[in-house]
Amino acid sequence: MKDLLTERDAWSMTNCTIARTLEIVGTRTALLIMREAFFGTRRFDDFAKRVGIGEPAASARLKELTAAGLLERVPYQEPGQRTRYAYQLTQKGRDFLPVLVALRQWGDTWATDEQGPPVVLRHKECGSAVHAVLRCDDGHDVQLGDSFVDAGPGLIRVGPDSP
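In this report, we go over the structure that sits alongside the text. (Residues numbered from 1 in each chain as written. Predicted model: local features only at pLDDT ≥ 70, side-chain atom pairs only at ≥ 80, totals over all residues. Heavy atoms only, no water.)

1. What about the nonpolar core?
Judged by nonpolar contacts, the single largest core of 21 residues is most densely connected at I33, M34, L62, L65 and L71. Those elements giving two or more residues to this core turn out to be α2 (28-38), α3 (44-51), α4 (55-67) and β3 (84-89). Setting aside its immediate chain neighbours within four residues, L71 contacts I33, M34, A37, L62, L65, T66, Q88, L89 and T90. (Core = buried A, V, L, I, M, F, W, Y, C linked by side-chain atoms within 4.5 Å. Buried < 20%, exposed > 50% of the residue type's maximum accessible area, 1.4 Å probe, protein only. Helix = DSSP H or I, 4+ residues; strand = E, 2+ residues; numbered from the N terminus. Contact = heavy atoms within 4.5 Å.)

The structure is reproduced here in structure tokens:
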């Protein structure tokens, strides 16, 4: 079992998935819009108000998140009104939940004030707090130091030893 980090200078991160993810959701407003989408916000005005941003910024972020496939626009119409659009999470967007849970969990520990966290995510069945955890495919919880970096199918090797 060889840790790929020992060969760090022999590979490129030009296709890093963390960097690609940050290009999609790496702004404060994008993350807060995703938070609101998980809280059930659907309408443009509500996103702008709840995130505390102006309409141009809300419009830009919603367009970006929609183009990236995390949200989709769905038509709705109130009686006597024109058709408008609401936003809802796609499967790709729903799969982002563990990221937000991990960010909230870190913030609850390291970025909260003396009053504590403003909200707690709880399991509907038992009421226990929900946490993000690292777990291997065989079901073992994994702590820092209990894992190693291995080559993935998209690894780009550079330098004289590259194939």
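Still more to cover.
2. A short note on the packing of aromatic side chains
One pass over the full model with this rule turns up 1 aromatic pair. Plain terms: the ring middles of F47 and Y87 are 6.1 Å apart, the flat faces sit at 80° to each other, and that makes the pair edge-to-face. Residue F47 is located in helix α3, and its partner Y87 is located in strand β3; the two are separated by 40 residues in the primary sequence. Of the residues examined, F47 reaches a relative accessible area of 0% and is grouped as buried. Here Y87 falls in the buried class, since its relative accessible area comes to 9%. We note R8 situated over the ring of W11; from NZ or CZ to the ring centre the distance is 4.3 Å. Across from the ring centre of Y85, 4.0 Å away, lies the NZ or CZ of R73, which sits over that ring. (Phe/Tyr/Trp six-rings, centres within 6.5 Å; stacked < 30°, edge-to-face > 60°. Lys NZ or Arg CZ within 6 Å of the ring centre and 35° of its normal.)

3. Focus on the pattern of salt bridges
All chains considered together, the criterion is met by 6 salt bridges. Across the pair E36 and R35 runs a salt bridge, and its minimum N-O distance is 2.9 Å. For E36, a relative accessible area of 7% corresponds to the buried category. Relative accessible area serves as the criterion here: at 29%, R35 is assigned to the partly exposed category. Across the pair R104 and D108 runs a salt bridge whose closest N-O atoms are separated by 2.6 Å. With R104 and D108 both in helix α6 (residues 97-110), this residue pair falls 4 residues apart, about one helical turn. Given a relative accessible area of 21%, D108 falls into the partly exposed group. (Salt bridge = Lys/Arg side-chain N within 4 Å of Asp/Glu carboxyl O.)

4. Brief notes about the packing of α3 against α4
To characterise two packed helices, one gives the angle between the axes of the helices and the distance between these axes. It is the contact of α3 with α4, at a shortest axis distance of 9 Å, that shows an interaxial angle of 115°. Overall, the two elements α3 and α4 adopt an arrangement that is roughly perpendicular. Judged by the twist between their axes, the crossing of α3 over α4 is right-handed. Contacts between α3 and α4 involve F44, D45, F47 and A48 on the former and, on the latter, E55, A58, S59 and L62. When grouped by side-chain class, the residues that make up the contact of α3 with α4 number 5 nonpolar, 1 polar and 2 charged. (Axes fitted to C-alpha atoms, helices over the stretch in contact; angles between N-to-C directions. Parallel < 35°, antiparallel > 145°, perpendicular 65-115°, else oblique. Left-handed = near helix turned anticlockwise from the far one by under 90°. Nonpolar A, V, L, I, M, F, W, Y, C, P; charged D, E, K, R; others polar.)

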